[in-house]
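# Structure at a glance
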Amino acid sequence: MAMIVVNGVRREVQAPADTPLLYVLRNDLELSGPQFGCGLAQCGACSVLLDGKEIRSCVTSLSAAAGKEVTTLEGLPARWAQQKGLSPADATQTLHPIQEAWIEEQTPLCGFCQNGMMIKATELLERVASPTIAEIKEAFTTSAPSAHLCRCGSYTAIIQAVQRAATTMAKGR
Amino acid sequence: MSHKKMTQTKNQRNVFGAALTRRGFVKTGGALFVGFGMVGVDGLKNSAKAATTRNSLDPALPESWIEIHPDNTILIRTGKSDFGQSTTFTAYRQIVAEELNAPFEAITTVVMGDTDRTPDGSGAFDFLGSGTPNIRKAAAYTYQALLDLASQRLSVAKTELTVKDGVVSGAGKSMSYGDLVKGQQLKLTIPVKGDLTSVMGLSVDGNPPMKPVSQYTVIGKSFRNSVTASKVAAKETWASDIRLPGMLHARMVHPKSLGSTLTSVGALDKTRFPNAQVVVKGNLVGVVAPTEWEAIQAAQQVAGATKWKDWKGLPGHTRLFDYLKRDADWKTTRVTKSDKSKGDVTPAMAGSAKKLTATYQLPYMKHAPMGPTLAVADARADGTVYIYTHNQNPQALRGEIAMMLSTTPDNIVVRTYAGPGHYGRSNGGNAGAEDEAVILSKAVGKPVRVQWMRPEDFQWSTQSPAALSDVEIGLDANGKMAAYQIDHYMPAMQDDRPIGAVLAGLPTMPAPSEKGVFIGSTVNDISDPWIYDGVVTLAERGHGTFQIGQKASPLAVGLRDHSMRTPGQFQQNFPRELAISEAAALAGADAIQFRMDHTKEERVIGVLKAVRDASGWETRPSPRAKGAGTGAASLRGQGVSVMFRSATYWACVSQIAVTPSTGAIVVEKVTVAVDPGIVVNPMQLKRQVEGGTVMGVSIALLEELQFDESGITSRDWRTYPILKVADLPEIKVVLLNRPEVGSYGGGSEAANALAAPAIAAALFDATGKIARRLPLKAEYVQALLKV
């Protein structure tokens, strides 16, 4: 048995310690944000934040996540609410500005990769408030462990959505 | 199903060939349901095949095309599944709202894909049906029925009625659609034709009056995709989320090669995997377990101990084009000729002042969805089978599973959920895993979820076929094309056999052959409509053959192919458009002007002018500089391409920089002009074009299936790389809205096919060296520029 904190809630999980975190999140905890894309840390569809840093849950074992704070796509609104000091009631009514920007810009095509794109954007904008286009491209391409891939080709819309989210977040909404 | 003569009775009225019936009155609720039936209406020949009587929408049941509810909300149903095109959630709602004169927001529910909940079938292609998709006609019939009802209720002649925002008015009286249907059970039966579980599905028949384009108020606006918010907020149910009570997870142990038969199955290590179980049927091996992680590990362990016969029967990707040219059988299959072919090319070619002779080559490519294929199947004790998956043609899958199980489609239900874009690979009904889940579920008597691992998805799914084309162009003394001849060669493109059924030795449709009909044939039709009517003589021919390895493989599979975005047309448009750019250079003409000089089609000229103006095109002949350098200084070039597809005209300009010393190409800017006639939803179309363009740049620079003599060796995103964000060019989309055309064309395909010929032409413009093969990888370009 392992204990992990997922989206602010302590969860005890029965799965074997070597189980990749992705299967724990999807099958044991019934979260649908992170997707299985490659199982090889090559695409980013399964990304989550582990203590604020983007990791690939398909190659991260449950034991490696034990005792740490996992944030999935489902947890982004609460993360933003906490950062902004919103009341719990307000928090349930909000989306993260990144999610709102993704809707405003109509970024997803099929949307399968967008979990990882929004997770990566969160990590980036928590670190760099107003990234340049070059910094955005760098974050989605060369920062470890691999580029975030989108087969539908939504890259233009992703960059526009990150820029929009940066503007809203800088304003503090 | 019986054919019933329709007569005008008190409870049944004939509305432009559709039958409106009042089935009764109810105290609460009430609705108008639009179903379909094979009604024998005067002047309409209905030939719909009654595929099923159970687990399909029956005209007698309330499930139907369109439902008008008493609260003024509207539900629409379509057999088409949205795979990222957004069309069912945006354009379809706009089209229905337009035909009904109802607000866009009134359409609160879109039901799509499920075989027992949607009426018409067919695949996730040609959504806009060249301007008249099924849902438009269904809405047009519904509008007439609503007017008919209102005329009776308000005692006002139909011609005196007007409708705005779902409220019918006339002679000072008015009534909303909701009030018209309140308290009644109304049913409209509309005529259809076709075969539900065929690839093309059913189509709505007849000619109901349609709203004049000049009165459009909803079409043309940028409504949002209603499913985007639920995906972004992690509220969407994806196919990957489906879990049934008692469900087991499974992983497959696929053969060692594309021709390997099973020698012996490896023993399962029960001490490590106490809850796992191995299922074997013919050459199909699967491992099931209660948890996904146990299934994955147990399948890996069994795979390591399973023995297969070796097989080597493929040319390998390095010898592919030699094989296609010399060894493939192009003689058995009928040669096709385009209907635009005209005149005698041979003497015109012989008498030409200048001549281009060239061969162009395109590799196999993968659809490469971001997630591997998966399905949950529940084969129940009563013989019914439920499949929960993500599929571009659920009704066709239903037919294939029925065939595999030697049962009728009545017993099969397919439910579809969101998933990764498939780009055509499941348009024939399957992507892999669906049939395997059914076989395993039947074997273990429990619901089973099969998901392929990433390498399997590359190695066992279908590919977009390789192609080569021989071109000859003859220019007259004035630099005009007097003769154009092209011979396209491509293996069969549509293998719809479910692979698990093939491996298990269960019934499937036949492999593509010269005797096959329609898409089951090896025939290579001309798919790229000719647009240069100024060319004096023209010969376009298509040569087809069997899939590579199909006949040699003991499994009869080889390299299985399936249509991928802009199928066949991409393979034919790349050689044509690159050759036209080369011919322009031979004539000493500007590549855009040269194209304009060879067509009278005003819409072709329109997109060319638009792309020229928006891209910063330099009007001059190519190449810019004679002779390639080998230096580290980058050279810049421009190239253009044109296409006509799905009633839409496209033109593209690519501007690139290439570094001769490394061969690296940077695509700096891609400009696409698109004229679909009426633009239904500018924002969604723009996003579709941007996305397709990125795929197009990826195809041009990077994509090539690797395979050896035994099978596919591309196994992940390192061995099949696609474009990364860092390599994203500036993309400029110019939408040409032309209401005067009176119809709307499709916009989800073609954008992916435009970049490659324009980029190759830009490389030629920059360096004077022509690359007639994709992908334009650095090593290839570097070697080309050294010569």
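The rules behind the values
- Residues numbered from 1 in each chain as written.
- Chains lettered and ligands numbered in written order.
- Predicted model: local features only at pLDDT ≥ 70, side-chain atom pairs only at ≥ 80, totals over all residues.
- Domains from an automatic or database assignment.
- Contact = placed C-beta atoms within 7 Å.
- Nonpolar A, V, L, I, M, F, W, Y, C, P; charged D, E, K, R; others polar.
- Axes fitted to C-alpha atoms, helices over the stretch in contact; angles between N-to-C directions.
- Helix = DSSP H or I, 4+ residues; strand = E, 2+ residues; numbered from the N terminus.
- Parallel < 35°, antiparallel > 145°, perpendicular 65-115°, else oblique.
- Left-handed = near helix turned anticlockwise from the far one by under 90°.
- Core = buried A, V, L, I, M, F, W, Y, C linked by C-beta atoms within 7 Å.
- Buried ≥ 20, exposed ≤ 12 C-beta atoms within 10 Å, placed from the backbone.
- Pairing = 2+ DSSP bridges.

### Description of the domain arrangement of chain B
All names here are of chain B.
- Here chain B is partitioned into domain 1 (12-232), domain 2 (239-309 + 373-451) and domain 3 (598-786).
- Each partner contributes to the interface: domain 1 provides 24 residues, whereas domain 2 provides 20 residues.
- A per-class count over the side of domain 1 that touches domain 2 returns six nonpolar, 14 polar and four charged.

### Quick notes on the packing of helix α5 (residues 97-104) of chain A against helix α6 (residues 114-127) of chain A
All names here are of chain A.
- It is the contact of α5 with α6, at a shortest axis distance of 10 Å, that shows an interaxial angle of 130 degrees. Considered as vectors, α5 and α6 are oriented oblique to each other. Along this stretch, α5 crosses α6, giving a crossing that reads as right-handed. Here α5 contributes Ile98, Gln99 and Trp102 to the contact with α6, which in turn contributes Gln114, Met118, Ala121, Thr122 and Leu125.
- Taken together, the residues of the contact of α5 with α6 break down into five nonpolar, three polar and no charged.

### Regarding the nonpolar core
Residue and element names in this part refer to chain B.
- Among the nonpolar cores identified, the biggest contains 280 residues, and Ile387, Trp650, Cys652, Ile759 and Leu763 are the most heavily contacted of them.
- It is helix α16 (residues 751-767) that contributes the most residues to this core, 13 residues altogether.
- Not counting residues up to four positions away in its chain, the partners in contact with Leu763 are Gly637, Ile656, Val658, Ile665, Ala771, Leu776 and Val781.

### Considerations on the interface of chain A and chain B
- Contacts between the two partners involve 44 residues from chain A and, on the opposite side, 43 residues from chain B.
- Those elements that provide at least two residues to the side of chain A that touches chain B are α1 (21-28), α5, α7 (133-141) and α8 (155-171) of chain A.

### Section: the environment of His148(A)
- Counting through the fold element by element, His148(A) comes out in the loop between α7 and α8.
- Leave out the neighbours within four places in its chain, and His148(A) touches Gly44(A), Cys113(A), Gly116(A), Met117(A), Lys120(A), Phe140(A) and Val725(B).

### Points about the sheet that holds strand β15 (residues 284-289) of chain B
Residues and elements named next belong to chain B.
- If you walk across this open sheet you meet the seven strands as β14-β15-β12-β23-β20-β21-β22, and the pairing is mixed. The sheet terminates laterally at β14 (277-281) and β22 (412-416), the two strands that pair on one side only. Strand-to-strand, the axes of this sheet are offset by a mean angle of 25 degrees, without reference to chain direction.
- Where strand β20 (residues 374-379) lies against strand β23 (residues 448-451), four bridges are found, and the strand directions are antiparallel.

### A few points about unusual backbone geometry
- Between Ala144(A) and the following residue, Pro145(A), the backbone shows a cis peptide bond with an omega angle of 0 degrees.
- Tracing the chain through its elements places Pro145(A) in the loop between α7 and α8.
- A cis amide bond links Ser622(B) to the next residue, Pro623(B), at an omega of -5 degrees.
- The topology assignment puts Pro623(B) in the loop between α14 (602-615) and β28 (635-645).
- One non-glycine residue with positive phi stands out, namely Ser406(B), at about 50 degrees.
- Tracing the chain through its elements places Ser406(B) in the loop between α8 (394-404) and β22.

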